[in-house]
Amino acid sequence: MHLKYDPPAGLVGATLAKVFGRDAETEIETGLFRMKQILEAGEFATAEGQPKGPRIPYRQQRTNGQEQNMNQEVTA
Amino acid sequence: MKALCWYGTKDVRVETVPDPEILNPHDAIIRITLTAICGSDLHLYNGYIPGMQKGDILGHEFMGEVVEVGRDVTRLKKGDRVVVPFTICCGSCYFCQIDRWSLCDNTNPNATVLRKLYGASGAGLFGYSHLYGGYAGGQAQYARVPFADVGPIVIENGIPDEQVLFLSDIFPTGYMAAENCNIKLGDVVAVWGCGPVGQFAIRSAFMLGAERVLAIDHIPERMEMARQGGAEVLDYADSDLMAKIRELTGGRGPDSCIDAVGMEAHGATLDNVYDYAKQSVFLETDRPGVLRRAIMACRKGGTVSIPGVYGGVLDKVPFGAAFAKGLTMKMGQTDAPKYLRPLLDRIHRGDIDPSFVISHRLALQDAPQAYNIFNRKADRCTKVVLQPFAA
C-alpha cells in the first residue's frame, strides 16, 4: 500500500491533523479497516446520510431561542 | 417522520426528521409498529455515555414491518414482520462466525475511536452514541436496518407485538446473563437489580435449572414483580444485606451473582456516596457499588455475570477478593442474534410471556415524559413501550 502524506502547513498541520484524527496513521488504519469490511461483509458500514433531529430543535426555534425543556413541564 | 431525539442531559424531544433511506446494499427500512425505552437508554439520558450529538435518534428495541430492501438483501422481503436485535452484525467476520455477535468486527464505522479507548471495538448499536457507530435508533416511525439479512428475525402473524418485542434486547440480555452463570441444577443465583433485565435474568435462571433466585432491589413494585417470578426478595437498603445473603445460602454465598444494574448504582451506602462525590467532579465514570457487592457475596469458585453496562474506569473494585475466591467473571453486550430463535420458541411454548414487564403503553409523542418517569422510577414505571403511529 502506498500513501503519500503531505499535510498542509507542515508540522503544525500534521499535529492539528492528529488532534482531529486525520493523521496518516489513522487514515491508513481507516483505509485498511474499510478494505477488511468490504472483503468480509461486502460493504463498509456507514451511518452517513441517516436521519437526525435539527441541531436547534423545533420547540426552541418556535419560542425564539428560549429553552423550553419538556421534562421540566412534567415535573412542574 | 417523527423521532425521539437527544439534545443533552435530561433533554430529549420528539422532532420531525427526514425519513431514513437505503444507504447500503444490505440495508432494509422498517416501519416501526412498537418500540421501547431501555434502562440503558437512561445512561444516555443522564449524560453518562460520551459521543452523543444533538439530534441523535435514540432507541434500540424495536420491531415492525419491512417496507423497503436494498439490492443485496435476499432473506427479508417487503411485508415481513420482524424484530430487530439491538446489535448490528455483519454475519461473516470471525466473531459472528463463533456466535459472539456483539463483538462483530465490521459494523461500527467509528471503530477507530473505540479502538483507541478500549483497544478494540465491538458491533455497532442502534441509537447508542457515535462511539457505537452513530446509527439512528428505533424510537421513531421508521428505521434503517443495516445487514438486514443477518440480525432481524421474521415473526409470523398471530402473536402480539408486545410478546415478541423484547427479543430485541432485554430478554436475550437477561437470558445471556443467566447462561453466563453456567447454572447447574440446584444452584442459587443472586440478581442485583429488578429492572427489566433483572426480571428476565430471574426467570431465565429458573429456566436454566436454578433452584433458588435471590433478587435484590428497593422499589416495591419491582420487588413484587421479582417475587411473582419466583425469587426471594431482599432490599438493598437493608444494612444487613450481605449477612442475609450469607444466611440464605448456608453461609457459603450464591453460586453466581448477576449485576443487572451497571454504572449508575443507587443507594446510600458509604462506597456509593464516595462514587457519587467522585463522579460529580469527573474523577470517576461509573458507580460500581453493585459489582463490589456481587464480588463480595459470591461463593468461592462462583461466577459473577455482568449484563449491566459499564463505560469507563472503575474505582475500588475488590479484585483481590475476586482473585482469592477464584471467581469467574463474564460480561459484555448481548449476542442477541444467537438467542432470537431459541427464545422465540420458548415464547411459543408458553414458557414465558415477556409482556409481563410492561408498565406503560404510550404514544411516541409522549416519549420525553416517559423518559422522565422511567428515570425517576415514578408512577410504578418498570418498562415503557411506545407506539410510533398512535395519535
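This write-up is about the structure you can find in this document. Not measured: the values here are computed from a predicted model.

Let's talk about empty space enclosed by the protein
Residues and elements named next belong to chain B. Overall, the coordinates contain 2 cavities of 30 Å³ or more when judged by the stated rule. Of the pockets and cavities examined, the largest cavity occupies roughly 60 Å³. Every residue along the wall of the largest cavity is listed here: Thr173, Met176, Ala177, Asn180, Ser305, Ile306, Pro307, Met331, Gly332, Gln333 and Thr334. When residues of the lining of the largest cavity are traced back to their parent elements, those giving at least two are helix H5 (170–179) and strand S15 (303–306). Classifying every residue of the lining of the largest cavity by side-chain character gives 5 nonpolar, 6 polar and no charged. Together, Val84, Pro85, Thr87, Ile88, Cys89, Phe126, Val145, Pro146, Phe147, Gly151 and Pro152 line the second largest cavity.

Remarks on helix H9 (residues 270–280) of chain B
Residue and element names in this part refer to chain B. By the burial criterion, the buried members of H9 are Asp271, Asn272, Asp275 and Gln279. Within H9, the buried residues cover an arc of 95 degrees as seen down the axis, which keeps them to one side. Of the exposed residues in H9, those oriented more than 90 degrees away from the buried face are Leu270 and Ser280. Looking at the buried side of H9, the elements it contacts are helix H10 (289–297). Once H9 ends, the next one or two residues include Phe282, with phi positive near 60 degrees.

Some thoughts on the packing of helix H6 (residues 196–207) of chain B against helix H7 (residues 220–228) of chain B
Residue and element names in this part refer to chain B. Look at H6 against H7: their axes get within 10 Å of each other, and the N-to-C directions meet at 15 degrees. Considering the angle they form, H6 stands roughly parallel to H7. Where H6 crosses over H7, the handedness of that crossing is right-handed. Contacts between H6 and H7 involve Gln199, Ile202 and Arg203 on the former and, on the latter, Arg222, Met225, Ala226 and Gln228. Split into classes, the residues belonging to the contact of H6 with H7 amount to 3 nonpolar, 2 polar and 2 charged.

Observations concerning the sheet that holds strand S1 (residues 2–8) of chain B
Hydrogen bonds along the backbone pair up the strands of a sheet, which may run parallel or antiparallel. Residue and element names in this part refer to chain B. Overall, antiparallel pairing links the 3 strands, which are arranged S2-S1-S4 in an open sheet. With partners counted over all chains shown, the strands left at the sheet margins are strand S2 (11–16) and strand S4 (56–57), one partner each. The sheet contact formed by S1 and S2 spans 6 bridges and is antiparallel. Residue pairing for S2: Leu4 is matched across the bridge by Val14. Set on the sheet, helix H13 (residues 367–376) makes contact with S1 and S2; between it and S2 the angle comes to about 160 degrees.

A look at the interface of chain A and chain B
At the interface, 33 residues of chain A touch 47 residues of chain B. For the pairing of chain A and chain B, the buried interface totals around 3,200 Å² over both sides, and the portion due to carbon and sulfur atoms is 49%. Summed over the shared surface of chain A and chain B, the result is 3 salt bridges. On the surface where chain A and chain B come into contact, there are 14 residue pairs in polar contact (both at pLDDT 80 or more). Every element with two or more residues in the side of chain A that touches chain B is listed here: helix H2 (24–41), helix H3 (58–62) and helix H4 (70–75) of chain A. Examining the composition of the side of chain A that touches chain B, we find that 8 residues originate from one element, H2 of chain A, more than from any other. Partitioning the side of chain A that touches chain B into residue classes produces 11 nonpolar, 13 polar and 9 charged.

A look at the pairing of strand S5 (residues 61–69) of chain B
Residues and elements named next belong to chain B. Summarising the sheet, strand S3 (residues 28–37) and S5 pair through 8 bridges and their orientation is antiparallel. Bridging from a neighbouring strand, Ala28 pairs with Val69 of S5. Where S5 lies against strand S6 (residues 81–84), 4 bridges are found, and the strand directions are antiparallel. Within the sheet, the bridge partner assigned to Glu65 lies in S6 and is Arg81.

Structural notes on the layout of surface pockets
Here the second largest pocket is characterised by a volume of approximately 660 Å³. In terms of lining residues, the second largest pocket is bounded by 33 residues, among which Glu48 of chain A together with Pro109, Asn110, His130 and Gly133 of chain B are the most central. When residues in the lining of the second largest pocket are grouped by element, the largest group, 6 residues, is from H2 of chain A. Here the residues of the lining of the second largest pocket sort into 12 nonpolar, 14 polar and 7 charged.

Structural notes on the sheet that holds strand S16 (residues 328–331) of chain B
All names here are of chain B. Here we have 6 strands laid out as an open sheet, ordered S13-S12-S11-S14-S15-S16, and parallel in their pairing. Looking at strand neighbours, the two that pair on one side only are strand S13 (232–235) and S16, the edges of this open sheet. On average, each strand axis in the sheet is tilted by 20 degrees relative to the strand beside it, whichever way the strands run. Where strand S11 (residues 188–192) meets strand S12 (residues 212–217), 5 bridges bridge the pair, whose relative direction is parallel. When the bridges of S12 are listed, Val188 appears paired with Arg212.

Cut-offs applied
Residues numbered from 1 in each chain as written. Chains lettered and ligands numbered in written order. Predicted model: local features only at pLDDT ≥ 70, side-chain atom pairs only at ≥ 80, totals over all residues. Heavy atoms only, no water. 1 Å grid on protein atoms, 1.4 Å probe; cavity = no way out; pocket = protein on both sides within 12 Å on 5 of 7 lines; lining within 4 Å. Points joined across faces, edges and corners; volume = space filled by probe spheres on them. Helix = DSSP H or I, 4+ residues; strand = E, 2+ residues; numbered from the N terminus. Nonpolar A, V, L, I, M, F, W, Y, C, P; charged D, E, K, R; others polar. Buried < 20%, exposed > 50% of the residue type's maximum accessible area, 1.4 Å probe, protein only. Arc of directions from axis to C-beta. Contact = heavy atoms within 4.5 Å. Axes fitted to C-alpha atoms, helices over the stretch in contact; angles between N-to-C directions. Parallel < 35°, antiparallel > 145°, perpendicular 65-115°, else oblique. Left-handed = near helix turned anticlockwise from the far one by under 90°. Pairing = 2+ DSSP bridges. Buried area = accessible area lost by both parts, 1.4 Å probe. Salt bridge = Lys/Arg side-chain N within 4 Å of Asp/Glu carboxyl O. Polar contact = N/O pair within 3.5 Å; in protein donor to acceptor, adjacent residues only side chain to side chain.

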